[in-house]
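# Notes for the structure review
Next come the chains, spelled out residue by residue.
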Amino acid sequence: MKYTIEQLNVMDRNSFLESVGWVVEHSPWVMERVYDKRPYRSGDGLHAGLVEVIRSLSEEETVRLLRSHPDLGTRLAMTDASVSEQRGAGLDSLTEEEYKLLSELNQRYTSRFGFPFIMAVKGKQKTEIIESMQRRLYNGRDEELQTAIAEIGRITKFRLAEKVEQ
């Protein structure tokens with residue numbers, strides 16, 4: 001079911017969070033802040049409000065948000081949205097060699113930056129994801145924080161577009 005922006009604007013906090021609180025991986029506390037900034041004029045306006053909230057987080061809160069995301073290609077519990085997105089990118093059908101490589105890259109990335117590798121995988125192939133991960137391992141931490149925030153912006157844009165009429 002898609003919601004209109006008008007419906008979302010008049011929902012109580014709990015209904016709003018049940019409807020769209022899941023778009024930010026395991027972080028409904030972010031969407032609570034988005035709720036407080038209502039009303040929105042459009043789905044794009046809602047997304048802009050979400051991005052504004054994310055960009056206003058302290059570094060500690062940003063890292064908390066980033067750490068709520070799963071490693072790509074893992075076989076751990078994920079939200080339905082993550083499962084679907086990773087399946088679309090072929091991360092649910094990794095060969096044993098690809099799985100080992102991705103696990104090693106995830107471990108190296110998290111050890112280096114203190115949070116998991118984040119990428120909007122919708123429309124991507126597993127080779128693109130692995131290449132990006134290998135390349136981004138050489139970035140500085142500040143650059144990766146900004147890149148991860150931008151990727152969350154892309155992820156949430158895709159997710160909101162599925163649930164909110166423009």
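Let me begin by describing the structure that accompanies this report. What you see is a predicted model; the values in this text were computed from it and never measured.

Calculation rules
Residues numbered from 1 in each chain as written. Predicted model: local features only at pLDDT ≥ 70, side-chain atom pairs only at ≥ 80, totals over all residues. Heavy atoms only, no water. Helix = DSSP H or I, 4+ residues; strand = E, 2+ residues; numbered from the N terminus. Rg over C-alpha atoms; globule rule 2.2 N^0.38 Å. Phe/Tyr/Trp six-rings, centres within 6.5 Å; stacked < 30°, edge-to-face > 60°. Buried < 20%, exposed > 50% of the residue type's maximum accessible area, 1.4 Å probe, protein only. Contact = heavy atoms within 4.5 Å. Core = buried A, V, L, I, M, F, W, Y, C linked by side-chain atoms within 4.5 Å. Salt bridge = Lys/Arg side-chain N within 4 Å of Asp/Glu carboxyl O. Axes fitted to C-alpha atoms, helices over the stretch in contact; angles between N-to-C directions. Parallel < 35°, antiparallel > 145°, perpendicular 65-115°, else oblique. Left-handed = near helix turned anticlockwise from the far one by under 90°. Nonpolar A, V, L, I, M, F, W, Y, C, P; charged D, E, K, R; others polar.

### Structural notes on the overall build of the protein
Each helix and strand counted, the protein has 9 helices and 0 strands in total. In sequence order, the protein lays out its α and β elements as α-α-α-α-α-α-α-α-α. Taken over C-alpha atoms, the radius of gyration comes to 16 Å for the protein, in line with the 15 Å a tight globule of 166 residues would show. Dimensions along the principal axes, computed over C-alpha positions, put the protein at roughly 50 × 30 × 20 Å.

### So, the packing of aromatic side chains
Enumeration according to the criterion identifies 5 aromatic pairs in this entry. Ring geometry for tyrosine 109 against phenylalanine 113: centres 4.6 Å apart, planes inclined by 50 degrees, an arrangement best described as tilted. Pair noted here: tyrosine 109 and phenylalanine 113 are both in helix H7 (residues 96-113), with a separation of 4 residues, about one helical turn. Judged by relative accessible area, which is 0%, tyrosine 109 ranks as buried. Classification of phenylalanine 113 by relative accessible area gives buried; the value is 2%. Here tyrosine 109 and phenylalanine 115 contribute two aromatic rings whose centre-to-centre distance is 6.0 Å and whose plane-to-plane angle is 75 degrees, an arrangement assigned as edge-to-face.

### A word on the environment of lysine 157
As for its placement among the helices and strands, lysine 157 is situated in helix H9 (residues 141-163). A relative accessible area of 37% places lysine 157 in the partly exposed class. When the C-alpha positions of lysine 157 and glutamine 134 are compared, they lie 25 Å apart, and in sequence the two are 23 residues distant. When sequence neighbours within four positions are dropped, the list of residues in contact with lysine 157 reads Asp44 and His47.

### Section: the nonpolar core
Membership of the largest hydrophobic core comes to 47 residues, with the highest contact counts inside it found for Leu8, Phe16, Met31, Leu46 and Leu50. Among the secondary structure elements, those contributing two or more residues to this core are helix H1 (5-10), helix H2 (13-20), helix H3 (28-35), helix H4 (43-55), helix H5 (59-67), H7, helix H8 (126-136) and H9. With sequence-adjacent residues up to four places away left out, leucine 8 is seen in contact with Tyr3, Phe16, Ser19, Val20, Arg38, Leu46 and Val164.

### Regarding the pattern of salt bridges
Enumeration according to the criterion identifies 11 salt bridges in this entry. Close ionic contact of lysine 37 with glutamate 52 constitutes a salt bridge, the shortest N to O distance being 3.6 Å. On the criterion of sequence distance, the pair formed by lysine 37 in the loop between H3 and H4 and glutamate 52 in helix H4 is long-range, its members being 15 residues apart. The exposure class assigned to lysine 37 is partly exposed, which follows from its relative accessible area of 42%.

### Some remarks on the packing of H2 against H3
Where H2 contacts H3, the axes come no closer than 10 Å and their chain directions differ by 125 degrees. The pairing of H2 with H3 is recorded here as oblique in orientation. The interaxial crossing formed by H2 with H3 has right-handed handedness. Contacts between H2 and H3 involve Arg13, Phe16, Leu17 and Val20 on the former and, on the latter, Pro28, Met31, Glu32, Val34 and Tyr35. Along the lines of polarity and charge, the residues of the contact of H2 with H3 split into 7 nonpolar, no polar and 2 charged.

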